[in-house]
Amino acid sequence: MKIICVLVSCFALATAQYEDAGDFEIDYFQAFEMGMSQAISYWNGLIKESMLNDDMTAFNSSIIGMLAMVEPHICPAQQTGKCKPDENWMLGCNCRNGFKRLGECRAKPCQLFTHFKNKGAEGLAKFVKAESYTERYSVVFEYFANPISRALCECPGLLDASINCVTNYDGQLFTLLGGDRTGFDHVVKNFNWRSLKTIFKSYMDVGCAQKDGKDCITELAKMYSIAGTFLDNTFSSRDTCLSMIRFEDEFVTYLQTVASFNMTTESISSIANRFIDAYLELQQEAICEPSCAGEVADAFYSCCAKDAFEAMASKPVAKAYGKLWASIWPLIAENSEGKRPNFSEAFKKYTAFLDLNSFCGARTDVYKVRNDRCDALEA
């Protein structure tokens, strides 16, 4: 449902102009479907025109050329002795040496590259040909997200090595492209990489686990893919537990709230609080409504999902998010000396939601029963 809310938020901002007009009643679901269809058409067109050949059986010549240029740097021939900068101009020697120190995992970047080189076109073609949002989510996870997740689980050192490639970049791309790396260096210096690693590693601890005899990478992919089921059912006018039609009033309220944001008269903190309040009201009906809570929980709430929610709400992760935001704000603000928006109240509300048993309260005990079962399996 989180992914749906992001999509809905973008749609709400796009339809705000129609609300202002006030001369006709909006069919929100129909307008949402049209907006989503336009977005999918854009991406499908971009993939077909810029990445695949005419019959969509392989990458086009431009992509093949780019892959051929990049491949020697990600899958280099065996190099002995000291790293040679001229042979490693794209990634640099600091990056190359960092991956060399991973032992057997040094080959993992090449394995991932080879996977995308051999299977990427097939995955993109399936995305373009998909006839439902459920299919599209399945393709994204099967061909792209899950392989990256499994690589990180098999070789956790990839995260540190990849960050090292950025923070200690000594390649020659900026020189060869005639670019100024001042802005790049400023971001690298001020971005809180330690907090980013804390967040990623917390999620990896959950995602790389086995819970209740199930692989958490697969289970978490199912959790996020439930958004596709909700979209398909909603756009097909199926009023089921796994459809937004069931909570249409909250859906419309959420849209209207986002559409009403005024950046010139409201503070960003105020907007964040109004956003999270509308989001939580929608979630109350989406996952807590007694007659549907069981079916919704069956669709997404596994022991892996429970642990993922707990990781997101944990104090170390919450603290890391705060520090990460503190480092990002000066990089994106027009006036870096301006006061940083305080999202602590909104974030506190959101993390409280992540305890689904407490969030739903007396409306249903579905999540308590599942939590108790997962805890018993761990005992």
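This one's a predicted model, so the numbers in the text were calculated from it and none came from an experiment.

The rules behind each value
Residues numbered from 1 in each chain as written. Predicted model: local features only at pLDDT ≥ 70, side-chain atom pairs only at ≥ 80, totals over all residues. Heavy atoms only, no water. Helix = DSSP H or I, 4+ residues; strand = E, 2+ residues; numbered from the N terminus. Polar contact = N/O pair within 3.5 Å; in protein donor to acceptor, adjacent residues only side chain to side chain. Disulfide = S-S within 2.5 Å. Salt bridge = Lys/Arg side-chain N within 4 Å of Asp/Glu carboxyl O. Core = buried A, V, L, I, M, F, W, Y, C linked by side-chain atoms within 4.5 Å. Buried < 20%, exposed > 50% of the residue type's maximum accessible area, 1.4 Å probe, protein only. Contact = heavy atoms within 4.5 Å. Phe/Tyr/Trp six-rings, centres within 6.5 Å; stacked < 30°, edge-to-face > 60°.

When you look at the environment of aspartate 180 in this model, what are you seeing that I'm missing?
Following the sequence through the fold, aspartate 180 ends up in the loop between helix H8 (173-177) and helix H9 (182-190). In the structure, aspartate 180 is positioned 43 residues away from tyrosine 137 in sequence and 38 Å away in space, judged by C-alpha atoms. In terms of polar contacts, aspartate 180 uses its side chain to reach the side chain of threonine 182, at 2.6 Å.

Looking at this structure, how should I read the state of the cysteines?
Each disulfide is one covalent bond, formed between the sulfur atoms of two cysteines. Summed over all chains, the structure comprises nine disulfides. Disulfide pairing places cysteine 153 opposite cysteine 208 at an S-S distance of 2.0 Å. Handedness here is read from the sign of the S-S torsion; for cysteine 153 and cysteine 208, about -90°, the answer is left-handed. Taken together, the positions of cysteine 153 in helix H6 (residues 133-154) and cysteine 208 in the loop between helix H10 (193-207) and strand E1 (210-211) put the pair 55 residues apart, joining distant regions of the chain.

Just to check I follow, could you spell out the pattern of salt bridges for this structure?
For side chains of opposite charge, pairing can occur when their charged atoms come near one another. Following the criterion strictly, the structure yields 22 salt bridges and no others. With a closest N to O distance of 2.7 Å, arginine 150 and aspartate 215 form a salt bridge. In this pair, arginine 150 is assigned in helix H6 and aspartate 215 in strand E2 (residues 214-215), connecting sequence segments 65 residues apart. We note a salt bridge from lysine 306 to aspartate 375, for which the minimum N-O separation is 3.1 Å. Placement of lysine 306 in helix H15 (residues 303-313) and of aspartate 375 in helix H19 (residues 366-378) is noted, with a sequence separation of 69 residues between them.

Got a minute to help me understand the nonpolar core in this structure?
Generally speaking, a soluble globular protein has its nonpolar side chains buried in company with each other. Among the nonpolar cores identified, the biggest contains 73 residues, and Ile287, Phe300, Phe353 and Tyr367 are the most heavily contacted of them. No other element matches helix H13 (residues 268-288), which puts ten residues into this core. Residues contacting phenylalanine 300, with those up to four places away along its chain left out, are Met223, Ile226, Ile287, Ala305, Phe309, Leu356 and Tyr367.

How should unusual backbone geometry be read in this particular structure?
Most of the time, phi is negative for any residue but glycine, and the peptide bond is trans. Notably, aspartate 212 is not glycine yet its phi reads approximately 55°, a positive angle. If you trace the backbone, aspartate 212 turns up in the loop between E1 and E2. For aspartate 212, a relative accessible area of 33% gives the class partly exposed. A positive phi angle, near 60°, is found at serine 237, a position not held by glycine. Following the sequence through the fold, serine 237 ends up in the loop between helix H11 (216-235) and helix H12 (248-259). Overall, the relative accessible area of 61% leaves serine 237 in the exposed class.

Just checking my understanding: could you explain the packing of aromatic side chains for this structure?
Any aromatic ring pair is given by two values, namely how distant the centres are and how the planes are angled relative to each other. Applying the stated criterion across every chain, the model contains 25 aromatic pairs. Judged by centre distance (5.2 Å) and plane angle (85°), the ring pair of tyrosine 301 and tyrosine 367 falls under edge-to-face. Taken together, the positions of tyrosine 301 in the loop between helix H14 (290-300) and H15 and tyrosine 367 in helix H19 put the pair 66 residues apart, joining distant regions of the chain. The pair tyrosine 301 / tyrosine 367 is uniform in exposure class, with both members buried. Considering the side-chain rings of tryptophan 325 and tryptophan 329, the 5.6 Å spacing of their centres and the 50° angle between planes classify their relative orientation as tilted. Remark: tryptophan 329 and tryptophan 325 occur in helix H16 (residues 315-332); sequence separation between them is four residues, near one turn of the helix. Tryptophan 325 gets classed as partly exposed once you look at its relative accessible area, which sits at 21%. We classify tryptophan 329 as buried; its relative accessible area is 15%.

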